[in-house]
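Reading the structure
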Number of protein chains: 2
Amino acid sequence: MSKFKPTIEDVGRAAGVSRATASRVINNAPGVAAPLRARVEAAIASLGYRPDEHARALASGRTRAVDVVAISCPDAGWLGNHPYFGRVLAGMVPVLDGVNTQLRLHAIGRGQAADAIDEIAANATLGAVLADVPPDLAARFHRRCRRVVSMVPTSSVVPGMAADNIGGAYAAIEELHRLGCRRIAAVHGPILNPCATERRTGHRRAIERFGLAELSADEDFNRHGGYRATQRLLERHPDIDGIFVACDLMAAGAIQAITASGRRVPDDVSVIGFDDSIVASCTNPPLTTMGLPVEEMAAAATRLLLDGVPPSGLRMRFPVKLVRRDSTRRVAGTAPAEPPNGLMNC
Amino acid sequence: MSKFKPTIEDVGRAAGVSRATASRVINNAPGVAAPLRARVEAAIASLGYRPDEHARALASGRTRAVDVVAISCPDAGWLGNHPYFGRVLAGMVPVLDGVNTQLRLHAIGRGQAADAIDEIAANATLGAVLADVPPDLAARFHRRCRRVVSMVPTSSVVPGMAADNIGGAYAAIEELHRLGCRRIAAVHGPILNPCATERRTGHRRAIERFGLAELSADEDFNRHGGYRATQRLLERHPDIDGIFVACDLMAAGAIQAITASGRRVPDDVSVIGFDDSIVASCTNPPLTTMGLPVEEMAAAATRLLLDGVPPSGLRMRFPVKLVRRDSTRRVAGTAPAEPPNGLMNC
DNA sequence: ATGAAAGCGCTAACAT
DNA sequence: ATGTTAGCGCTTTCAT
């Protein structure tokens, strides 16, 4: 493997054409005769030519980069600790691999969020994946730059990845009901959060369908919130026998609160979470949860950006599917989950 | 805020000097008279000049980038799911912020690891942070490129961030002993893993010091491994009353296994983990653990790379400190952990 | 110590 | 359809 790095000039020479023609082929621009194009492509292959991204960026004025933006809570280690972001990155990296595109990570604090959004939008090239950006800021970004896709349903004009949150929440309640639970409570996320809203809707539909009482509480999407909400719920309605919790982190807190109240999971209270993140297999008992294909969604979002400007209002739908572990009662005749009841790989 | 982006030419003109001089000031190269330097600096400030990284890279032949490399298990969603990597990134991002340096993320599979390492080393610019790279590959990287720092102690020539794994493990056993445990077992990580080795050493020293029997098992650093090891240990030594587990993920499995055996945590068996990652607060009961300052370590590693070539064999030491939650018995007179016994922010 | 000038590898007008 | 040429913004000799 030689040290020499071929330039477009070399390619042109090898193919017996000018630099410009080589450039056209590389960027598959129109206006190159088929035979020439073939020769250039052969030259590229045989030389192992790879365009220099810096020269390209300098000459054309545009860079190839995808931005990932997340609002970080300054007080917490959010970005770092929250299982969600790692999954988003994990989904993006493989699709960016080999397409000469840099991945820029932005963690912006709540305070200067609007300015940061403007700045990122102004410098965007291929576009941005919004990992956890509230609707108003997402819309703001979209107003300044169309090359953007949100990982969650948000302002209706902003292209977004739409997991079936409604169906997932409905299915969770349905499962609890099938398991025999009749006093089913729900721990929801923040009022303003779009995902939380959808999951709330699914829950509401299900309780209407099954004729259940509405027992619910709202809190922030974190373990502590889940703990508090569950504690409150249990005090107010001691006969609760099943809880749907709108995210795994909260569900971890819910299980702790149930245990602290002297009840057992799932014997006294069944719990279903949402996400299927790493924490789902680390709770005790391991958490039954509605699995979200976060990595796939992130990959799809990235591909969208790579392919051009995503059409405004686009929604890509993703299914949410039940992952049974041990925080829900087992119905007679059902095989127990594979011991030790979690992902084998974690 | 105008749309105009000043170039080095503008700076030169504003300062009444040539482009070359401006360039020298920008790169603080020697050979510029103090007064001129001051004028150029003033011009830069007033114009809000920011050098174009692409032009710079093209002209100089070098880019400003820091690589992060992690070995990913292909079968698992490792990079995405493992709480560790998110923390590493979270530590790096803030120090890279505003220094015009790109962060390249590499997740390489076990198979083509050596090739990938060579490739990354060949293209490294500011250098690489090795997040989870085994000693032989770390050494290989270092042989090809000195601009590298490992997040864990590894081959002795490779600069590394060294958490006090030995002291941490020792302190964990010490705590268990203080709490009254006398049949203390240890669940260790893989034989070849440097961190696991150090934690094993700390454990060994402590049991010698306290005159305890050596009850231990080795498994992979994941929940499943922790589960299996604990299960085995409990079968062989039913009188175990405390377990030190070499990482939080394993500890989550350990708690599950203890519960599954009909014992209670911490009443029958106390558990101490290692890392203080997100999962530590999500187990049930919340996990007492030895906290590792991963974000700080990653930040330090990044700064090292930014500052030049880290000296071979460098070790930066970081303390590991006990975080008390509820998986360890409470001694009489000790205040209970803050309810709900976890990080308030997660 | 400072400036002039030649590229870095590529794209994009403009010619042909 | 293809080639020629002029930069993109910067670093870096080489003169002065």
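Residues numbered from 1 in each chain as written. Chains lettered and ligands numbered in written order. Predicted model: local features only at pLDDT ≥ 70, side-chain atom pairs only at ≥ 80, totals over all residues. Heavy atoms only, no water.

Taking an unreviewed UniProt entry as the reference, chain A is identified by name as LacI family DNA-binding transcriptional regulator belonging to Hamadaea flava.

All right, on to unusual backbone geometry then. Residue and element names in this part refer to chain A. Residue Pro 285 follows Asn 284 across a cis peptide bond; omega there is 0°. Its identity is not glycine, yet Asn 28 carries a phi of approximately 20°, on the positive side. By the secondary structure assignment, Asn 28 is in the loop between helix H2 (19-26) and helix H3 (34-47). Taking relative accessible area as the criterion, Asn 28 reaches 60% and is therefore assigned exposed. The phi angle at Asp 276 is positive, at roughly 60°, despite the residue not being glycine. If you trace the backbone, Asp 276 turns up in the loop between strand E9 (270-275) and strand E10 (288-291). For Asp 276, a relative accessible area of 16% corresponds to the buried category. (Helix = DSSP H or I, 4+ residues; strand = E, 2+ residues; numbered from the N terminus. Buried < 20%, exposed > 50% of the residue type's maximum accessible area, 1.4 Å probe, protein only.)

A separate point is the sheet that holds strand E12 (residues 321-323) of chain A. All names here are of chain A. The strand order E7-E6-E8-E9-E10-E12 describes an open sheet built from 6 strands, whose pairing is mixed. Either end of the sheet is taken by a strand with one partner, and the two such strands are strand E7 (215-218) and E12. In this sheet, neighbouring strand axes are inclined to one another by 20° on average, regardless of whether the strands run parallel or antiparallel. In the sheet, strand E6 (residues 184-188) pairs with E7 via 4 bridges, with the strands oriented parallel. Among the inter-strand pairings, His 188 is bridged to a residue of E7, identified as Asp 218. The sheet strands contacting helix H9 (residues 165-178) are E6, strand E8 (242-245), E9, E10 and E12, and the helix crosses E9 at an angle near 165°. Sheet contacts for helix H12 (residues 248-260): E6, E8, E9 and E10; angle to E9, the most-contacted strand, approximately 160°. (Pairing = 2+ DSSP bridges. Axes fitted to C-alpha atoms, helices over the stretch in contact; angles between N-to-C directions. Contact = heavy atoms within 4.5 Å.)

Once that is clear, we can look at the protein's contact with DNA strand D. Neighbouring residues of DNA strand D: 27 residues in total, closest A:Arg24, A:Ala33, B:Ile8, B:Tyr49 and B:Arg62. Elements with a minimum of two residues in the surface near DNA strand D: H2 and helix H4 (53-60) of chain A together with helix H2 (19-26) and helix H4 (53-60) of chain B. Looking at the surface near DNA strand D, its residues break down into 13 nonpolar, 7 polar and 7 charged. (Near = heavy atom within 4 Å. Nonpolar A, V, L, I, M, F, W, Y, C, P; charged D, E, K, R; others polar.)

Of all hydrophobic cores here, the largest spans 94 residues; its most connected members are A:Met151, A:Met161, B:Met151 and B:Met161. If near-sequence neighbours (up to four positions away) are discounted, A:Met161 is found in contact with A:Val149, A:Ser150, A:Met151, A:Val152, A:Pro153, A:Met297, A:Ala300, A:Ala301, A:Leu304, A:Met316 and A:Phe318. Membership of the second largest hydrophobic core comes to 58 residues, among which are A:Ala246, A:Cys247, A:Ile255 and B:Leu249. (Core = buried A, V, L, I, M, F, W, Y, C linked by side-chain atoms within 4.5 Å.)

As a further point, take the side chain of B:His54. Relative to the helices and strands, B:His54 is located in helix H4. Overall, B:His54 belongs to the buried group, its relative accessible area being 16%. Within polar-contact distance, the side chain of B:His54 engages the side chain of A:His54 at 3.0 Å. For B:His54, the contacting residues outside a window of four places in its chain are A:His54, A:Ala57, A:Leu58 and A:Thr63. (Polar contact = N/O pair within 3.5 Å; in protein donor to acceptor, adjacent residues only side chain to side chain.)

Residues in contact with DNA strand C amount to 27 residues; listed here are only the nearest, A:Ile8, A:Tyr49, A:Arg62, B:Arg24 and B:Ala33. A breakdown of the atoms of DNA strand C within 4 Å of the protein gives sugar and phosphate a share of 62%. A:Ser23 is positioned with one of its side-chain polar atoms (N or O) 2.9 Å from a phosphate oxygen of DNA strand C. One of the side-chain N or O atoms of A:Tyr49 is found 2.3 Å from a phosphate oxygen in DNA strand C. Elements with a minimum of two residues in the surface near DNA strand C: H2 and H4 of chain A together with H2 and H4 of chain B. Classifying every residue of the surface near DNA strand C gives 13 nonpolar, 7 polar and 7 charged.

Remember that side chains alternate between the two faces of the sheet whenever the strand is regular. The two faces of E7(A) differ: A:Leu215 and A:Ala217 on one face are buried, but A:Ser216 and A:Asp218 on the other face are not. As for the winding sense of the linkage, the β-α-β connection from E6(A) through helix H10 (residues 194-210) of chain A to E7(A) is right-handed. (Right-handed = clockwise from strand over helix to strand, strands pointing away.)

This part covers the side chain of A:Asn284. Residue placement: A:Asn284 occurs in the loop between E9 and E10. Polar contacts involving the side chain of A:Asn284 include one to the side chain of B:Thr259, which spans 2.8 Å. Of the polar contacts made by the side chain of A:Asn284, one reaches the backbone oxygen of B:Asn284; its length is 3.0 Å. Setting aside residues up to four positions removed in sequence, A:Asn284 forms contacts with A:Ile255, B:Ile255, B:Gln256, B:Thr259 and B:Asn284.

Glancing now at the packing of aromatic side chains. All names here are of chain A. For the structure shown, the criterion picks out 6 aromatic pairs over all chains. Where Tyr 170 meets Phe 210, the ring centres are 6.0 Å apart and the plane angle is 40°; that geometry is what we call tilted. With Tyr 170 in helix H9 and Phe 210 in helix H10, the pair connects residues that are 40 residues apart, well separated along the chain. Stacked on the ring of Phe 274, the Lys or Arg Arg 199 has its end atom at 3.9 Å from the ring centre. (Phe/Tyr/Trp six-rings, centres within 6.5 Å; stacked < 30°, edge-to-face > 60°. Lys NZ or Arg CZ within 6 Å of the ring centre and 35° of its normal.)

All right, on to the environment of B:Ile120 then. All names here are of chain B. For Ile 120, the position within the fold is in helix H7 (residues 113-123). It is 9.6 Å that separates the C-alpha atoms of Ile 120 and Val 68, two residues lying 52 residues apart in sequence. Each residue touching Ile 120, except ones within four places of it in the same chain, is listed here: Asp 67, Val 69, His 106, Ile 108 and Phe 141.

Within an α-helix, residues lying three or four positions from one another point in the same direction, as the helix has 3.6 residues per turn. Residues and elements named next belong to chain B. Here helix H9 (residues 165-178) is 14 residues long and its end C-alpha atoms lie 20 Å apart, about the 20 Å a rise of 1.5 Å per residue gives. Within H9, the full set of buried residues consists of Asn 165, Gly 168, Ala 169, Ala 172, Ile 173, Glu 175, Leu 176 and His 177. In the segment just after H9, Gly 180 is the residue with positive phi, at about 105°. (Expected span 1.5 Å × (residues − 1).)

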